[in-house]
Amino acid sequence: MGFILQIINGLSLGSIYALVALGYTMVYGIALLINFAHGEIIMIGAYTVVFSTTLCLAKIGAPLWLSIIPAVILCTILGLFIERVAYRPLRNSPRISNLITAIGVSLFLQNIVMLFFGAGAMSTQSLFKTQIVKLGSLEIPFISLITIVITAILTVALQYFMTKTKMGKALIATSEDSKAAELVGINVDNAMVLTFGIGSALAGVAAVLYMGTYAQAQPLMGSMLGIKAFTAAVIGGIGLVPGAVIGGLLLGIVEALTRAYLSSKLADAIVFSILIIVLLIKPTGLLGKNVKEKV
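Reading the values: the criteria
- In this convention, every chain numbers its residues from 1, walking through the sequence in written order.
- This being a predicted model, a pLDDT of at least 70 is required before a residue's local features are given, and a value of 80 or more before pairs of side-chain atoms are given or counted; all residues contribute to the totals for chains, interfaces and linings.
- Computation of side-chain values: all heavy atoms of the structure, hydrogens and water removed.
- UniProt positions are given in the numbering used here, feature names are shortened, and annotations may be inferred rather than shown by experiment.
- We count a stretch as a helix when DSSP gives it H or I for four or more residues in a row; a strand needs E for two or more, and each element gets its number in order from the N terminus.
- Only C-alpha atoms enter the line fits that serve as axes; for helices the fit covers just the stretch in contact. Angles between N-to-C directions range over 0 to 180 degrees.
- Orientation categories follow fixed angle ranges, with anything under 35 degrees roughly parallel, anything over 145 roughly antiparallel, 65 to 115 roughly perpendicular, and all other angles oblique.
- We call two residues contacting when some pair of their heavy atoms lies within 4.5 Å.
- For a helix, the expected span equals 1.5 Å multiplied by the residue count minus one.
- Each Phe, Tyr or Trp ring (for Trp, its six-membered ring) is paired with any other whose centre lies within 6.5 Å, and the angle between the two planes then decides the class: stacked below 30 degrees, edge-to-face above 60, tilted in between.
- Salt bridge, as used here: a side-chain nitrogen of Lys or Arg that lies within 4 Å of a carboxyl oxygen of Asp or Glu.
- Partly exposed describes any residue whose relative accessible area lies between the buried limit of under 20% and the exposed limit of over 50%, with all areas from a 1.4 Å probe on protein chains only and scaled to the type maximum.

For the protein chain, the name recorded in an unreviewed UniProt entry is Branched-chain amino acid ABC transporter, permease protein, with Peptoniphilus lacrimalis 315-B as its organism. For the record of the protein chain, the UniProt heading Subcellular location (unreviewed entry) holds the text "Cell membrane". The Sequence similarities (unreviewed entry) comment attached to the protein chain in UniProt states, word for word, "Belongs to the binding-protein-dependent transport system permease family. LivHM subfamily."

All right, on to the UniProt feature "transmembrane region" (unreviewed entry) in the protein chain then. Here, the residues flagged by UniProt with the feature "transmembrane region" (unreviewed entry) are residues 68-87, 99-122, 142-162, 183-210, 230-254 and 266-285. Across residues 99-122, helical content stands at 79% and strand content at 4%; the span's end C-alpha atoms are separated by 30 Å. Secondary structure across residues 230-254 comprises 84% helix and 0% strand; the distance between its end C-alpha atoms is 16 Å.

This part covers the packing of helix 1 (residues 2-31) against helix 6 (residues 166-176). Interhelical geometry of helix 1 versus helix 6 gives an angle of 60° and a closest axis separation of 6 Å. Put simply, helix 1 runs oblique to helix 6. Residues Met26, Gly29 and Ile30 of helix 1 lie in contact with helix 6, whose contacting residues are Leu171, Thr174 and Ser175.

Take helix 10 (residues 241-261) next. With 21 residues, helix 10 ought to run about 30 Å at 1.5 Å a step, and its terminal C-alpha atoms sit 31 Å apart, in line with that. Of the surrounding elements, those touching the buried residues of helix 10 are helix 1, helix 5 (142-164), helix 9 (221-236) and helix 11 (267-281).

What follows is about the side chain of Ser67. Topologically, Ser67 is positioned in the loop between helix 2 (38-60) and helix 3 (68-87). Apart from the residues lying within four places of it in its own chain, the contact partners of Ser67 are Val49, Ser52, Thr53, Leu57, Leu127 and Val208.

Below, the discussion takes up the packing of aromatic side chains. All chains considered together, the criterion is met by eight aromatic pairs. Ring geometry for Phe3 and Tyr261: centres 6.5 Å apart, planes at 35°, overall tilted. Residue Phe3 is located in helix 1, and its partner Tyr261 is located in helix 10; the two are separated by 258 residues in the primary sequence. Ring centres 4.7 Å apart and planes at 45° place the aromatic pair Tyr210 and Tyr214 in the tilted group.

If you walk through the whole model with that rule in mind, you get six salt bridges. The salt bridge partner of Glu83 is Arg88, with a shortest N-O separation of 3.2 Å. Owing to a relative accessible area of 23%, Arg88 belongs among the partly exposed residues under this scheme. Across the salt bridge formed by Asp268 and Arg259, the nearest N and O atoms sit 3.9 Å from each other. A single network of salt bridges, built from pairs that share partners, joins Lys228, Glu255, Arg259 and Asp268.

Written out as structure tokens, the structure reads:
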């Protein structure tokens, strides 16, 4: 039973990684940009959960899980603002310029939050009244089940959107060849905006699920979370929606089992060792395909 519970905990943690990795993989797939500020968008979402629950929802007696609404809205607006101000002017610049800008935006958001709210952690109440779900003799945290289910629903919805809708197909076309997509009438600017909007909205959902599990927000929380999610995206095959999810779940399970049966100190080392092994064996990721580039 203990092993099954650890697998469920790993799937829950991996689901959060997967949602964050989806933001990375979409932005990279469309804009060829590694948005290292994505972790800080989740951090802002976590602080939004803290303030919306303590200052508003708790006082009026509303369910605390409704904090998902302001978190998603604020994260989406912030993601679109960052794209418009920081990334769009550099769209035709060398990739190193975009990378440095992304790191700069990340550090800027971290320091802004520390300036106004301090470097310490801020906590919130449990977002869900139900704490434990009993399945026979197995007691599963309710937030773990919610996290896994929501991630599964959003993954299926996103995959359907990308493959079955006109806007989704436009995003795929833009990711394959933005110049050719522009020639056939696809508005590349709108595609970029939509990509950042979807990725940032998913970050808002991830922030709520993270706070439901850990109930603490602090300025540097997005750094390691973002790095692990990016690692998950690379392992699964960056640019691929199923790859991001598979990579996230794999990392979550490995991390949970390592902490439970080996050592919590080794968890991060083993996670990043998996990245090195995958890149050595299959550089394009588990689901990635080798593409020959004509010179």
